[in-house]
Amino acid sequence: MGAKTLYAKLWDEHVVHLDENGTALLYIDRQLVHEVTSPQAFEGLRLAGRRPWRVAANLAVPDHNVPTRDLAAGITDPVSKIQVETLDSNCAEFGITEFRMSDPRQGVVHVIGPEQGFTLPGTTVVCGDSHTSTHGAFGALAFGIGTSEVEHVLATQCLIQRKSKTLLISIDGQVGPGVTAKDIVLAIIGEIGTAGGTGSVIEFAGDAIRALSMEGRMTVCNMAIEAGARAGLIGVDEKTIEYLRGRPYAPTGELFEQGAAHWRTLVSDPGAHFDRVVRMDAAAIQPQVTWGTSPEMVVPIDGAVPDPQDEQDPVRAEGIRRALDYMGLEPGTAIRDIRPDKIFIGSCTNSRIEDLRAAAEVVKGRKVADSIQLALVVPGSGLVKAQAEAEGLDRIFTEAGFEWREPGCSMCLAMNADRLEPGERCASTSNRNFEGRQGQGGRTHLVSPAMAAAAAVTGHFVDVREL
Amino acid sequence: MEPFQNFTGIVAPLDRSNVDTDAIIPKQFLKSIARTGFGPYLFDELRYLDRGEPGMDCTHRPLNPTFVLNDPRYAGAQILLARENFGCGSSREHAPWAIADFGLRVIIAPSFADIFHNNCFKNGLLPIVLAPTIVDDLFARANGAQALRISVDLPEQVLVLDDGTRIAFEVEAGNKERLLKGLDDIGLTLEQADAIRAYEERRRREAPWLFAIAG
């Protein structure tokens, strides 16, 4: 057997059956379930008279619709309320463990999976949510699926899959102070484009990736989907194993050590072949800010909004023109001169304790600028919130003028009451700046938590390293 | 799922790259717990001038006259033509549900995002990848005064334009069979139930930590 990539190892361990047409029946170890993409899957099970194949392999949580304040009042939007109640009743009917809205462990599905140790190295993890790529940070093969496939996994514990190509992205050397995982992944997407990873599983490697905490690695893998990748992966090391030790759903005692011994082999072998390799110099990566309506429309903080006249390709030039029109920006505008109306710190990309610490460090002793209409901090889970409060981070934020909210997806996609109004501009730590993503007509600039905090206290985008 | 039948249909040219699933079906409509009824809200923010909400009667909403699906030339279109990376972003299957519910059956683009591409085949939709130069040519034809009509032949994997031009396309064998027979994936997989159980037995021995979900 020759040198294998991490992806090939994970794939080979999960093939139940190879079909002659080249597809494989792949075993799924873990499924995370949320309220938006599961009701039709449960309904399908019921209509066909089927039961879940392996109930314990599923963990459910409502996150997209949940309000981030006045939880005692419940959900006021009747349509959202029905969707969350439908998840509650489906989980009760089929015996699936669910962290309900009132549960202190409730939170964003991609935050709680790792936090609970439900996500383990060497597992296949799926969820009806594209940001399932997050869990690849643990050396798990994790990818988003549609609702038909959610039903398929519930009923069979398997999926029909075709092997992907492999793309190695190596971030060589170390990033400078103030440059975070979010800046790394935005720079990667700027480099390879939003379709750069299509058909591929990306393995992130290099010293700069190794140096990241597990939280930072999750941020990087989370946005692999924004590069179009099927999944993102990072090889297992001692950080991965120590993060999981003692987590509620992780194995314990001897079983944990047995697992860990195997997990340490979950790295790409030296000399393993990748279909494509991209190398980037970590030291050249600066804090990033998106200016347009696709995550690839990104520049360093010292940059400026591009001019469509400089673009040779007519389709791309038209894309830039449309994005500038939507974003209300003139070509050549310095990123530093852009002034957000709202600040959102949260989402499955950047709502973990390290993210909140990074933002609080910038905010401490400062005030939110008068021009900012609303600055929100939405922790990723009830446990993140409790940890942050134990460290006093909530007081740092509220004293500066931020609102400290309850956990959920919130303004990342605005399915609850937290949204942008038409024309409003937001510095957001989320993952997508698509038209209308944070509310119809809303204008999103994606940044790291530290950069969002810096924009909040100065009223415009600024290099956090200069504060 | 209904088997895919050959047909001849009008092509609606949506001249955009990176059309994301948030654009195809905005988030407020994802609150539905049904699989049907999304067609009136397809491309809601591009198609209408007002703000769409779930349950709204769309028959009297103000239409955006510049949006392709509101152009009388393309009324009744069954084929959507778009640019690269169509269907990127969120995994929401509501996107192909809305497209199919609207009456579209084929999407032609130079490339598709993976999850969306996969979701199409679960819902009787045929996504066709063609070379950018061919897509350019189709846009030029579709933008003419007369709408372009294309005959789609899935068994033969060929598109026939109204002037007789034939364009071959690729489709993965399993996906082709799934569309042509309208197969139920879950039923097929459950035919492998013994293999799945055997796999689980082996894994319980080899990797017992995977099955120790306490909670």
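Because the structure is a prediction, the values reported are computed rather than measured.

**Student:** Quick rundown of the overall build of chain A? Include the residues and the values.
**Tutor:** When helices and strands are tallied, chain A shows 15 helices and 19 strands. The globule rule puts the C-alpha radius of gyration for 467 residues at 23 Å, and the 21 Å found for chain A is close to it. On the principal axes, the C-alpha backbone points of chain A span a range of 55 × 55 × 45 Å. When burial is assessed residue by residue, chain A has 68% of its 467 residues classed as buried. A separation threshold of at least 6 residues defines the contact pool for chain A, and within that pool the share at least 24 residues apart is 76%. Summed over its atoms, the accessible surface of chain A is roughly 14,900 Å², and 50% of this surface lies on carbon and sulfur atoms.

**Student:** Report on the nonpolar core, specifying residues and quantitative values.
**Tutor:** Grouped together as the largest cluster of nonpolar side chains are 89 residues, with contacts concentrated most on Ile343 and Phe402 of chain A together with Phe43 and Phe86 of chain B. Those residues in contact with Phe43 of chain B that sit more than four places away from it in its chain are Leu14, Val19, Ala23, Ile24, Phe67, Leu69, Leu80 and Phe86 of chain B. Among the nonpolar cores identified, the runner-up in size contains 84 residues, and Leu141, Cys158, Leu212 and Met280 of chain A belong to it.

**Student:** For the pattern of salt bridges, give the residues involved together with the corresponding values.
**Tutor:** All names here are of chain A. Applying the stated rule across the entire model yields 50 salt bridges over all chains. In this structure, Lys385 and Glu406 form a salt bridge, with 3.4 Å as the shortest nitrogen-oxygen distance. With Lys385 in helix H13 (residues 382-390) and Glu406 in the loop between strand E17 (403-404) and strand E18 (425-428), this residue pair connects regions lying 21 residues apart in the sequence. Accessibility expressed as a relative area gives 14% for Lys385, which makes it buried. When its relative accessible area of 25% is taken as the criterion, Glu406 is described as partly exposed.

**Student:** Could you give an account of the side chain of Asp183 of chain A, naming the residues involved and the relevant values?
**Tutor:** Residue and element names in this part refer to chain A. Structurally, the position occupied by Asp183 is in helix H6 (residues 181-192). Of the side chains bearing the opposite charge, Lys182 lies closest to the buried Asp183, which forms no salt bridge; the N-O distance is 7.9 Å. Separated by 2.9 Å, the side chain of Asp183 and the backbone nitrogen of Gln288 make a polar contact. With sequence-adjacent residues up to four places away left out, Asp183 is seen in contact with Gly178, Ile285, Gln286, Pro287, Gln288 and Ser448.

**Student:** Outline the sheet that holds strand E4 (residues 126-129) of chain B, supporting the account with residue identities and numerical values.
**Tutor:** Residues and elements named next belong to chain B. Reading across the sheet, the seven strands line up as E4-E3-E2-E1-E5-E6-E7 and stay open at both edges, with mixed pairing between neighbours. At either margin of the open sheet sits one strand with a lone partner, and together these are E4 and strand E7 (166-168). Averaged over all neighbouring strand pairs, the angle between strand axes comes to 30°, with direction disregarded. Sheet topology places strand E1 (residues 7-13) next to strand E5 (residues 149-153); four bridges connect them, and they run antiparallel. In the strand pairing of E5, Gly9 is matched with Ile150. Contacting strand E3 (106-109) and E4, helix H4 (residues 114-121) crosses the sheet at an angle of about 135° to E4.

**Student:** Can you break down the packing of H6 of chain A against helix H8 (residues 214-222) of chain A residue by residue, with the values?
**Tutor:** All names here are of chain A. At a closest axis distance of 8 Å, the pairing of H6 and H8 adopts a crossing angle of 25°. Relative to H8, H6 is oriented roughly parallel. When you trace H6 past H8, the crossing you get is right-handed. Together, Ala181, Lys182 and Val185 of H6 and Gly216, Thr219 and Val220 of H8 make up the contact between the two elements.

**Student:** Would you mind going over the sheet that holds strand E4 (residues 58-60) of chain A in detail, with residue names and values included?
**Tutor:** If you trace the five strands from one edge of the open sheet to the other, you get E5-E4-E3-E6-E7 (chain A), paired in parallel fashion. Sheet topology places strand E5 (97-98) and strand E7 (141-144) of chain A at the edges, where each strand pairs with a single neighbour.

**Student:** Pulling in residues and values, what's your account of empty space enclosed by the protein?
**Tutor:** All names here are of chain A. Scanning all chains against the criterion turns up four cavities of 30 Å³ or more. Counted as a void, the largest cavity has a volume near 200 Å³. Forming the walls of the largest cavity are 23 residues, and the residues nearest its centre are His64, Asp129, His131, Leu413 and Arg437. Residue composition of the lining of the largest cavity, by class: eight nonpolar, 10 polar and five charged.

**Student:** Lay out unusual backbone geometry in plain terms, naming residues and giving numbers.
**Tutor:** Backbone geometry places Ser347 of chain A, a non-glycine residue, at a positive phi of 90°. Summarising the element assignment, Ser347 of chain A is placed in the loop between strand E15 (342-345) and helix H12 (353-363). According to the relative accessible area criterion, Ser347 of chain A is buried, its value standing at 1%. Its identity as a non-glycine residue notwithstanding, Asn18 of chain B has a phi of 55°, on the positive side. Examined against the element boundaries, Asn18 of chain B turns out to sit in the loop between E1 and helix H1 (21-24).

Conventions we followed
Residues numbered from 1 in each chain as written. Chains lettered and ligands numbered in written order. Predicted model: local features only at pLDDT ≥ 70, side-chain atom pairs only at ≥ 80, totals over all residues. Heavy atoms only, no water. Helix = DSSP H or I, 4+ residues; strand = E, 2+ residues; numbered from the N terminus. Rg over C-alpha atoms; globule rule 2.2 N^0.38 Å. Buried < 20%, exposed > 50% of the residue type's maximum accessible area, 1.4 Å probe, protein only. Contact = heavy atoms within 4.5 Å. Areas by Shrake-Rupley, 256 points an atom, 1.4 Å probe, with all protein chains shown as cover. Core = buried A, V, L, I, M, F, W, Y, C linked by side-chain atoms within 4.5 Å. Salt bridge = Lys/Arg side-chain N within 4 Å of Asp/Glu carboxyl O. Lys, Arg positive; Asp, Glu negative; His and termini not counted. Polar contact = N/O pair within 3.5 Å; in protein donor to acceptor, adjacent residues only side chain to side chain. Pairing = 2+ DSSP bridges. Axes fitted to C-alpha atoms, helices over the stretch in contact; angles between N-to-C directions. Parallel < 35°, antiparallel > 145°, perpendicular 65-115°, else oblique. Left-handed = near helix turned anticlockwise from the far one by under 90°. 1 Å grid on protein atoms, 1.4 Å probe; cavity = no way out; pocket = protein on both sides within 12 Å on 5 of 7 lines; lining within 4 Å. Points joined across faces, edges and corners; volume = space filled by probe spheres on them. Nonpolar A, V, L, I, M, F, W, Y, C, P; charged D, E, K, R; others polar.

Remember, this is a structural readout, not a statement about activity or role.
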